[in-house]
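Report on the structure
Listed below, chain by chain, are the residues.
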Amino acid sequence: MSSDIYAALSPEEWSILALSLKVSLVAVAAILPACFCIAWMLARWRFPGKLLVDALVHLPLVLPPVVTGWLLLLLFGMNGPIGRWLSDVFGITLLFRWTGAALAAAIMAVPLMVRAIRLSIEAIDTRLESAAATLGASRLRIFFTISLPLALPGVLAAIILGFARSLGEFGATITFVSDVPGETRTLPIAIYAAMQMPDGEAMVTRFAILSTMLSLGALMLSEIMVRRIAHGGRHVI
Amino acid sequence: MGVAMSFDIDVSRTVGGRRIALTVRTDRPLVALVGPSGVGKTSILDMVAGIIRPDRGHIAVDGQTLFDSDAKIDMPPAERHAGYVFQDRRLFPHMRVRANLLYGRRTGISVDMDDVLDFLGIGHLLHRWPRNLSGGEAQRVAIGRALLSGPRFLLLDEPLSSLDRHRKSDILDAIDQIRMRAPILYVTHDIGEAERLSAMIVTMAGDD
Amino acid sequence: MKPPFLRAFCALLLLLSANPSSAANDRGPVILAAASLQDVLAVAAVEWARQGHAQPVLSFAGSSALARQIRAGAPADLFISADEDWMDIVEKGGLIQPRTRADIAGNQLVLVTPIRQPAQVKMGRGMPIARALGSSRLAMADPDSVPAGKYGKAALTQLGVWTAVSPKVVRAENVRAALALVERGEARLGIVYATDARASRKVRIAGIFPAWTHPPIRYPVARLRTSRHADADAFRTFLLSPKGRAVLARYGFSAP
C-alpha cells in the first residue's frame, strides 16, 4: 500500500515536493514572529502612520507578484543593496537559492498571516487581561498566559494559510529566483516547466491533483481554526 | 496621622460626558456602594483596582496610597493586591478551575487553599472547565480565585447574583469573617444585603 | 447623488461594448512569435502596416508556451517558432494549415556576459565555463523545452561541459528573460541568440557557439488552422518576401 503511494510520483517529483515543503515551512517559520508583532501593533496600538503600515502589509496581496519579485531582485540581487551586504558580510546569497524562494514565499504570505492573527488578537476579551493584572500578573506573564493562548487558534490558522499560500507561490518566486532545479523549482514552477514540455501532461496532472489536495486540506484546517476563534471569544463566563 | 483609614477615596472621572465621582473616608472595614445600575459603581471598583484611571483625586486603602493625581502616584494594578471579584467573573476560559484558582498565588500567602475550597464548596470542581460551570459555581470559583491571591483588600461586584438563597447566606457569612482580615468594598443594588452585613452604606446617585 | 454616476457608468459600458465592433476592422492578424523575434517583428509589422494593412497583433513568449496555447485552441493566425521541433508538434496535432509552413530566418547561438562585470571564457571543447562562473550562474532558456535552451544544452553537451555546468544553470521562461538576468548582472554568463546580444547594450558576446555544436537554428512560420483573418497569409508572405528578409537581416538574422 505505502509502496503504491510512493510509486505514484517519480523520485524527481518527490524531491520537488520535498523542496516545496521545505521552502514553505522555512518561509512561515521565519516570518511568523514578525507577523505576530505587526498584527499586535495593528490590533492594539494607536500610532501615527498606522494606516500606512496596514496598507504596506496588504500590499503583496494586491501588487502584481512580478512587481514583488522584481523589487526583491532589486533589493536582494547580486547588485542590490541588501543582497550585496548579505553576501559581503555574511556570505549569504538569496538569488537563485532556495532561501530566496523562501523569502519570496514569506513576503507573499504576510498579508494573509497578519490578517488571521490580527483577527484573533482583536477577539481576545481584554477584560480577561485586566483580571489577570489585578491578580498580580506582570505584562509579560499576562501576554504568555492569557493573550497568546487565547490568540493561538488565529496563529495556527495563520500558519496553515501562510503555508498553503507559500506552497502555491509562483509569480514573485520565478521573477526573483527563476527556475533552478533542486534549488528553486518548487511545485508551481515545476508544473509550469512541465507544461512547456511536449510530454509533460502526466506530470502536470499529478502535480495539479497534489496541489489541489494540499490546498483544500489546508483551507479546511484553517477554517476549523477560525471557527474555534469565533467560539473562543464568547467563552467568558 | 492617627488611625489608618480602611478606605480614603476621593475620585472623579468623566466618561462620555457623564461624571462618576465618589468620596468616602472611613475606618470601617466594609463599605457597601449602593445605587441604581449605570451610576458608575463598577467604574469606582475599576479605579480602585487600577484598571481605569481617575481624572483626578486620590485612593488610599488601609493607609496605603494607590493613586494620587497631585502626587503623581499611580500604582500598577499588579502591585495593588486587590482581590477583585468581577460581576462578569472573568474566569480564564482556557484554564481549568484549578489553574484559575492558582493564577494569583504568590509566595508567602497565608490563605490556605483547602480552607477556601472548603467553605466555598468548590473542591469537586478543580478539573472542570469554566464553560462547564453553573452560574453559582463560576461565581464561587471567582471569589475563591480572588481570596487565594492573598489580597490586601477585596472588591466585590454583586457577588451574590446568580447564587441560590442557601448559598447566598453561606457567602454572606464568609464575607463577614473575611472583613476581620481585609477591608472590603462591596457593590450591590440590594440594600438588604448591605444592611445584613451591617456595612457602611454609601449611596451613589447620578448627577444629571 | 446616484443618477449622474449611474449615467456615467452606463455611458462607459456603451463605449466599451461599442469599441470592439468598430475596432474589428482595424485589427490585424494575431501573430504568436518566439521571444527572440520581439524587436524585429515589431518593426516588420510597422513596415507592413505602412503598405496599407491593419497593424498585426503580436504576442511573444517562449515557443514552448506558445505551442501549449495553440494546442489549447488559442484563436490566432500565425505561429513563428524558434525551432522546428515545436512546429513539428503543432503540425502533428493537425493545428496548422497545410502548405503554409516555411522558414523565415536563421540565427546563431552565443555566450554573453554583462559589460560591467564580464566573465572570461574561451569557447571550445571542454571549456572551463563552470570555473568562469565562480559562484555565479549561467542563465539560459529552459533546456528541456524552450528552443534557445535546447540549442544551448545541445551545444554544451557537444563541447563536453554540460554535466559540469548544469547544476549552475538558471532556467528562464524564454530567451529574453535569460538575457535580462545577464543584463542586470545577476548571472555572469548567459546563452542567447546572436540577435538578442545585438539588441542589448548591457551585454557583450563572450563567444559564438560553432554551428556544428547544435542543430541549425531556423524560425519556421505557419498559418494556424483556427486562423480566420483575411490578411494572415499576406503577412506570412511579406515575411518571406525580399522586403521582409531585409528587415530580418537588419536585425542580424541570417537567411534560413
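The shown structure was predicted, so the numbers you read here are calculated from the model rather than taken from an experiment.

Some words on the overall build of chain A
- Along its length, chain A carries eleven helices and zero strands.
- For chain A, the N- to C-terminal ordering of α and β elements is α-α-α-α-α-α-α-α-α-α-α.
- Taken along the three principal axes of its C-alpha coordinates, chain A extends 70 × 50 × 30 Å.
- Counting the 237 residues in chain A, one finds 46% classified as buried.
- Summarising the internal contacts of chain A: among those between residues at least 6 apart in sequence, 72% fall at separations of at least 24.
- Within chain A, one finds 17 positive and 14 negative side-chain charges whose respective centroids are separated by 15 Å.

Details of the interface of chain A and chain B
- With 19 residues of chain A at the interface, the matching set in chain B holds 24 residues.
- In this assembly, chain A packs against chain B so that about 1,900 Å² is buried in total across both faces, 67% of it on carbon and sulfur atoms.
- Across the contact surface, chain A and chain B share one salt bridge.
- The salt bridge involving D88 of chain B is made with R127 of chain A; its shortest N-O contact spans 2.5 Å.
- Taken together, the connections running from chain A to chain B amount to seven residue pairs in polar contact (both at pLDDT 80 or more).
- Those elements that provide at least two residues to the side of chain A that touches chain B are α7 (126-134) and α8 (139-168) of chain A.
- With seven residues, α7 of chain A is the single largest residue contributor to the side of chain A that touches chain B.

Section: the layout of surface pockets
Residues and elements named next belong to chain A.
- Of the volumes computed, that of the largest pocket is approximately 570 Å³.
- Surrounding the largest pocket, 18 residues form its lining, E129, S130, A133, R139 and I142 being those nearest its centre.
- Residue classes in the lining of the largest pocket are distributed as ten nonpolar, five polar and three charged.

Considerations on the packing of α7 of chain A against α8 of chain A
All names here are of chain A.
- Taken N-terminus to C-terminus, the directions of α7 and α8 make an angle of 160°; their axes are 10 Å apart at the nearest point. Taken as axis vectors, α7 and α8 run roughly antiparallel relative to one another. With respect to the hand of their crossing, α7 and α8 are arranged in right-handed fashion. In this structure, α7 uses L128, E129, A132 and A133 to contact α8, whose residues at the interface are I142, I146, S147 and L150.

Here's the deal with the pattern of salt bridges
- Applying the stated criterion across every chain yields a total of 33 salt bridges over all chains.
- With a shortest N-O distance of 2.4 Å, R179 of chain B and D176 of chain B are connected by a salt bridge.
- Here R179 of chain B falls in the buried class, since its relative accessible area comes to 13%.
- Note that R218 of chain C and E84 of chain C form a salt bridge whose closest N and O atoms lie 3.2 Å from each other.

Quick look at the confidence of the model for chain A
Residues and elements named next belong to chain A.
- For chain A, the mean per-residue pLDDT works out to 89, and 94% of the residues sit at or above 70.
- The secondary-structure element of chain A with the lowest mean pLDDT is helix α1 (residues 2-7), recorded at 61, while α7 shows the highest, at 96.
- When the criterion is pLDDT under 50, residues 233-237 qualifies, and its contacts beyond four places in sequence or with other chains add up to 16 contacts.

Some points on the packing of aromatic side chains
- As enumerated under the stated definition, the model contains 14 aromatic pairs over all chains in all.
- Among the aromatic residues, ring-to-ring pairing joins F36, W40, F143 and F144 of chain A into one connected group.
- Residue placement shows R44 of chain A over the ring face of W40 of chain A; its charged tip is 4.7 Å from the ring centre.
- Across from the ring centre of F92 of chain B, 4.6 Å away, lies the NZ or CZ of R145 of chain B, which sits over that ring.

Topic: the side chain of E183 of chain A
- Relative to the assigned elements, E183 of chain A resides in the loop between α9 (171-177) and α10 (187-195).
- Judged by its relative accessible area of 17%, E183 of chain A is buried.
- Polar contacts involving the side chain of E183 of chain A include one to the side chain of R97 of chain A, which spans 3.2 Å.
- With residues near it in sequence (within four places) discarded, E183 of chain A still touches L19, F96, R97 and W98 of chain A together with R137 of chain C.

Section: a positive patch on the surface
- Judged by side-chain charge, R84 of chain A together with R116, R184 and K202 of chain C come together as a positively charged surface patch.
- As for its position among the elements, R116 of chain C is in the loop between β5 (109-114) and α5 (129-133).

Conventions we followed
Residues numbered from 1 in each chain as written. Chains lettered and ligands numbered in written order. Predicted model: local features only at pLDDT ≥ 70, side-chain atom pairs only at ≥ 80, totals over all residues. Heavy atoms only, no water. Helix = DSSP H or I, 4+ residues; strand = E, 2+ residues; numbered from the N terminus. Buried < 20%, exposed > 50% of the residue type's maximum accessible area, 1.4 Å probe, protein only. Contact = heavy atoms within 4.5 Å. Lys, Arg positive; Asp, Glu negative; His and termini not counted. Charge placed at Lys NZ, Arg CZ, Asp CG, Glu CD. Buried area = accessible area lost by both parts, 1.4 Å probe. Salt bridge = Lys/Arg side-chain N within 4 Å of Asp/Glu carboxyl O. Polar contact = N/O pair within 3.5 Å; in protein donor to acceptor, adjacent residues only side chain to side chain. 1 Å grid on protein atoms, 1.4 Å probe; cavity = no way out; pocket = protein on both sides within 12 Å on 5 of 7 lines; lining within 4 Å. Points joined across faces, edges and corners; volume = space filled by probe spheres on them. Nonpolar A, V, L, I, M, F, W, Y, C, P; charged D, E, K, R; others polar. Axes fitted to C-alpha atoms, helices over the stretch in contact; angles between N-to-C directions. Parallel < 35°, antiparallel > 145°, perpendicular 65-115°, else oblique. Left-handed = near helix turned anticlockwise from the far one by under 90°. pLDDT = per-residue confidence, 0-100. Phe/Tyr/Trp six-rings, centres within 6.5 Å; stacked < 30°, edge-to-face > 60°. Lys NZ or Arg CZ within 6 Å of the ring centre and 35° of its normal. Patch = residues over 30% accessible without salt bridge, like charges linked within 9 Å, V, L, I, M, F, W, Y side chains within 5 Å. Areas by Shrake-Rupley, 256 points an atom, 1.4 Å probe, with all protein chains shown as cover.

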